[in-house]
Amino acid sequence: MNEFLKWFFAFISEMLKGYADIVKGFGHGIKQIFNIKNYINIFKEHSQDYSALSWVLSILAIIIVIAIYALIFMMIILGIRKYIRFRHSIVSNEDLLEEIGELQRKVLKMTKEKDEIMAMKVAQMGLPAGSGALSLADGTMAAEGAEGGEAAAPAVVESGVVQTNEYRFSKLIEVDTFYKTYEPPAYDNEIDLPGICENFRNFACSRMHLYYEPKIIWLFMAGMASTKLIILQGISGTGKTSLPYSFGKFLQVDTTIASVQPSWRDRTELFGYFNEFTKNFNETEVLKRIYSSGYNNDVNLILLDEMNIARVEYYFAEMLSILEMPNADEWELDIVPNVWSTDPVKLDKGKIVIPQNIWYIGTANNDDSTFAISDKVYDRAQPINLDTKGVAFDAPDTPPMNLGFDHLDKLFKEAFDKYPISQENLKKIQQLDLWVIEKLRVAFGNRILKQMNLFVPVYVACGGYELDGIDYILATKIFRKFESLNLAMLREELRELCAYMTKTFGKNKMNESIAYLERLQKLF
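These figures come from a predicted structure and were not determined experimentally.

The rules behind each value
Residues numbered from 1 in each chain as written. Predicted model: local features only at pLDDT ≥ 70, side-chain atom pairs only at ≥ 80, totals over all residues. Heavy atoms only, no water. Helix = DSSP H or I, 4+ residues; strand = E, 2+ residues; numbered from the N terminus. Rg over C-alpha atoms; globule rule 2.2 N^0.38 Å. Buried < 20%, exposed > 50% of the residue type's maximum accessible area, 1.4 Å probe, protein only. Contact = heavy atoms within 4.5 Å. Lys, Arg positive; Asp, Glu negative; His and termini not counted. Charge placed at Lys NZ, Arg CZ, Asp CG, Glu CD. Pairing = 2+ DSSP bridges. Disulfide = S-S within 2.5 Å. Polar contact = N/O pair within 3.5 Å; in protein donor to acceptor, adjacent residues only side chain to side chain. Core = buried A, V, L, I, M, F, W, Y, C linked by side-chain atoms within 4.5 Å. Phe/Tyr/Trp six-rings, centres within 6.5 Å; stacked < 30°, edge-to-face > 60°. Lys NZ or Arg CZ within 6 Å of the ring centre and 35° of its normal. Axes fitted to C-alpha atoms, helices over the stretch in contact; angles between N-to-C directions. pLDDT = per-residue confidence, 0-100.

**Here we look at the overall build of the protein**
Secondary structure assignment for the protein yields 18 helices and 13 strands. For the protein, whose C-alpha radius of gyration is 39 Å, the value lies well above the compact-globule estimate of 24 Å for 524 residues. C-alpha extents for the protein along the principal axes are approximately 115 × 80 × 55 Å. Considering the protein as a whole, with its 524 residues, one finds that 39% of them fall into the buried category. In the protein, the proportion of contacts linking residues at least 24 apart, taken out of those at least 6 apart, comes to 76%. Put simply, the protein has 56 plus and 68 minus side-chain charges, and the middle of one group is 8 Å from the middle of the other.

**A closer look at the sheet that holds strand β8 (residues 332–334)**
Judged by pairing direction, the sheet is antiparallel, and its 3 strands sit side by side in the order β8-β11-β10 without closing on themselves. Two strands lie at the open edges of the sheet, namely β8 and β10 (347–348), each paired on one side alone.

**A word on the state of the cysteines**
The final tally for this structure, using the stated rule, is 0 disulfides. Not engaged in a disulfide, the cysteine cysteine 205 finds its nearest cysteine sulfur in cysteine 197; these two sulfurs lie 16 Å apart. Exposure remark for cysteine 205: the relative accessible area of 6% places this residue in the buried category.

**What about the side chain of threonine 255?**
Relative to the assigned elements, threonine 255 resides in the loop between α7 (242–250) and β4 (256–259). A polar contact is formed between the side chain of threonine 255 and the backbone oxygen of proline 244, at a distance of 2.7 Å.

**Quick word on the nonpolar core**
Looking at soluble globular proteins, one finds that nonpolar side chains tend to be buried together. Counting residues in each nonpolar core, the largest one holds 74 residues, and the members touching the most others are Leu193, Met224 and Phe482. Not counting the four nearest positions on each side in its chain, methionine 224 is found in contact with Ile230, Phe247, Val299, Leu301, Trp359, Leu408 and Phe412.

**Examining helix α9 (residues 285–293)**
Taking burial as the measure, the 9 residues of α9 include 7 buried ones, the bulk of the element. The complete set of buried residues in α9 reads Val286, Leu287, Arg289, Ile290, Tyr291, Ser292 and Ser293.

**Examining the packing of aromatic side chains**
According to the stated counting rule, one finds 21 aromatic pairs in the structure shown. Judged by centre distance (5.9 Å) and plane angle (45°), the ring pair of phenylalanine 178 and tyrosine 182 falls under tilted. The exposure class assigned to tyrosine 182 is partly exposed, which follows from its relative accessible area of 24%. With a centroid separation of 6.0 Å and 80° between ring planes, the pair formed by tryptophan 218 and tyrosine 459 is classed as edge-to-face. With tryptophan 218 in helix α6 (residues 214–226) and tyrosine 459 in helix α15 (residues 446–462), this pair connects stretches of sequence that are 241 residues apart. A relative accessible area of 2% places tyrosine 459 in the buried class. Chaining the aromatic ring pairs together yields one cluster made of Phe200, Phe203, Tyr212, Phe220, Phe247 and Phe250. Over the ring of tryptophan 359 we find lysine 228, and its NZ or CZ is 3.9 Å from the ring centre.

**Looking at the pairing of strand β12 (residues 358–364)**
Within β12, 7 of the 7 residues are buried, which leaves the element mostly enclosed by the surrounding structure. Of the two faces of β12, the one holding Ile358, Tyr360, Gly362 and Ala364 and the one holding Trp359, Ile361 and Thr363 are both buried throughout. Here 5 bridges tie strand β3 (residues 229–233) to β12, and the two strands are oriented parallel to one another. Its bridge partner lying in β12, leucine 229 is registered against tyrosine 360.

**Here we look at the sheet that holds β12**
Sheet architecture is open: 5 strands sit in the order β4-β7-β12-β3-β13, paired in parallel fashion. Each of the sheet's edge strands pairs with one partner strand only, and the pair in question is β4 and β13 (382–385). Direction aside, the axes of adjacent strands within the sheet are offset by 20° on average. As judged from the 5 bridges shared by strand β7 (residues 300–305) and β12, these two strands associate in the parallel manner. Counterpart to leucine 303 in the pairing with β12 is isoleucine 361. Packed onto the sheet, α6 meets β3, β7, β12 and β13 and runs at close to 170° relative to β13. Across the sheet, α7 is in contact with β3, β4, β7 and β12; its angle to β7 comes to roughly 155°.

**What about the confidence of the model for the protein?**
For the protein, the mean per-residue pLDDT works out to 85, and 90% of the residues sit at or above 70. Within the model, the stretch residues 124–153 combines pLDDT values under 50 with 48 contacts to residues more than four positions away or in other chains.

**Digging into the environment of isoleucine 478**
Its place among the elements puts isoleucine 478 in helix α16 (residues 466–478). You can call isoleucine 478 buried: its relative accessible area is 0%. The spacing of isoleucine 478 and alanine 443 is 35 residues in sequence and 8.1 Å in space, taken between C-alpha atoms. Ignoring sequence-local partners within four residues, the contact set of isoleucine 478 consists of Phe444, Ile448 and Ile473.

**Regarding unusual backbone geometry**
Residue histidine 209 is not a glycine yet carries a positive backbone phi of 55°. Locating histidine 209 in the fold gives a position in the loop between α5 (193–208) and α6. The phi dihedral of asparagine 508 falls on the positive side, at around 60°, and the residue is not glycine. Relative accessible area serves as the criterion here: at 60%, asparagine 508 is assigned to the exposed category.

**Points about the environment of leucine 494**
Mapped onto the elements of the fold, leucine 494 is located in helix α17 (residues 491–505). By relative accessible area, which is 1% here, leucine 494 ends up buried. Remark: the alpha-carbon pair of leucine 494 and leucine 520, spanning 26 residues in sequence, is separated by 8.3 Å.

If you want it as structure tokens, here you go:
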């Protein structure tokens, strides 16, 4: 045992001598580096025979060495300061995380207390615990007395309806009150589609100093006939927002403008939501306009300004699904899960009916700040390209008008019957569909063909030509899909498609589509 201790002591002593030599060596090195007296002696020894140039070079060398050491010292100081700040940041973050954790624990505790209080209230009302008839989420508990501090009498549920004196839809109740004494205006039921287009164009020019080509108005009206969702896209300053705005002024029914925000993620941004704390439904102007449209016979427009600054398929997804239903009687939007006795008149079992006399107009810019609009949205909408600014023209002073939805819908249906797409052009479209499927693996789809059969007749009734309407649908609804293909490998097929369309439809007949296909070829 003694021999082991002697060995261990000798072993550790030898190791510690190594550490001591390191420290001594480091200290000796530092002492050697900053031995100024030795540097002076060396300089005196070698400077006795210096020339003028040697003196200059020596002084310069000394200055450089001093500067290098000063730089190293400053870097060490900066490194220490950065480390201190880094450590301070870590400590601050740890404190913040600890505080967040404490707040979360308090929230859980308060939630538990709230549930216990609610269970006590439900028990006092004679209902089983967890009953779906009354719950905090449904907002059916009576509020505490604001002044006396006494609990209000519990709400009574009769036939699934909560009997209460509280109102949760203030704006929709205002709509009900307004339409109790509402008298509809005298609608102009004699005007035709060309008259509407011409009067609107002249009104925009004379009253609002906005200038639109007749084709833009025709496309807008045809888009309204084919779908409830229209997308106005193009460069800034071409009148995308002002078109639906001025059309609302022309019809004396102002367009409801909803400015889309980048933070929009779901339907609550567009339609509102029930506030658990205030027990009120936060109604948006969009919801109010949808509700009021069920009372009137006006042509109602809702403008989704800068619609693709957020993802359309997020906040507008439910409406896209509703508008796709073939039976308009099923166009209903769920607002609240239960029924109050004080709910608005036209709120049926917590659902609001989407009327037929309302259109959604979206404006879209294509730049780095926006999202690409998906095919799901484009297939259900009618895009209208506004790529040029309007040219000023002279127009007679034209007053606004009152246009009823029933009359406009009647004009659309008359156009469907009077100007259907010719069988010859339908056959050409079918042949084009087969060609595109074979060469490019892209199909038209029944939805787009249905929209074409609604769009083109109204476009012709407004003053356009049938082939121009077909051309516009092909360019904006079919050939737009080519952007998702590998265009670098399909340049030859695109040239063949241009030649095929010229051969099938005639020279200078499908200018919109051919110009678009040529732009695609130039991209690669």
